[in-house]
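# Structure assessment
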Amino acid sequence: MIPHWRPHIIEVPITVTLDAYTAGDVVGGLLTSDEIPQLSGGGYIAWVRLVDDATQAEPYDLYVFNSPPSTIANDAAWAPLEADWLKFLGQIDIAAADYNTTGSEADCAIVAGKDVVTGDYIWFDNLPNNRLYFYLVANNSTPDYADANDLTMHICVLTM
């Protein structure tokens, strides 16, 4: 029998600092969502949508974890610990070229939920805390935002 996958689109709140970030900085601190507890059966990330109200179309790396990694503050250098890598599920690349920049109010990037190393979708089993955790890291860019809510991220996960 072919499995029936159910999509769940989950908003992951991001609050950015109003000071300029440096390349390699964490943007928004440790990210998760209260909507994720419905994902207790496992599944995979189908896609990620990042809407940039500041129309900067900045490239980012999105790191995905199956349980809480160590805390790295917003606007601090990305410096994971050994224990963090043991919880790591994959890294999704959001390139500047991925953004649709045709609007005047916001840019929007939609990328597949595929790991940059393996090229495979990022799968997860039953999650210890029924949540996924994320770090969004500035990739060779120095984004600066005028509004703390300039970034909005949605993750589409498919579950059985």
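Data block above holds the structure.
Figured I'd write up the structure that's included with this text.

Criteria and cut-off values
Residues numbered from 1 in each chain as written. Predicted model: local features only at pLDDT ≥ 70, side-chain atom pairs only at ≥ 80, totals over all residues. Heavy atoms only, no water. Buried < 20%, exposed > 50% of the residue type's maximum accessible area, 1.4 Å probe, protein only. Helix = DSSP H or I, 4+ residues; strand = E, 2+ residues; numbered from the N terminus. Pairing = 2+ DSSP bridges. Axes fitted to C-alpha atoms, helices over the stretch in contact; angles between N-to-C directions.

## What to know about the pairing of strand β7 (residues 107–112)
Here β7 shows a buried face lined by D107, A109 and V111 and an unburied face lined by C108, I110 and A112. Where strand β3 (residues 43–52) and β7 come together, 6 bridges link them in antiparallel fashion. From the neighbouring strand, L50 faces β7, where its bridge partner is A109. Strand direction decides the pairing type here: strand β6 (residues 99–100) and β7, joined by 2 bridges, are antiparallel. Across the sheet, the residue bridging to Y99 is A109, located in β7. Where β6 hands over to β7, the hairpin turn is made up of 6 residues, counted between the paired strands.

## Things to note about the sheet that holds strand β2 (residues 26–31)
Taken in spatial order, the 4 strands make up an open sheet running β2-β9-β4-β5, and their pairing is antiparallel. Every interior strand has two partners, whereas the edge strands, β2 and β5 (88–94), have only one. Adjacent strand axes in the sheet meet at a mean angle of 15 degrees, parallel and antiparallel pairs treated alike. Taken together, the 6 bridges between strand β4 (residues 60–65) and strand β9 (residues 133–138) define a ladder with antiparallel strand orientation.

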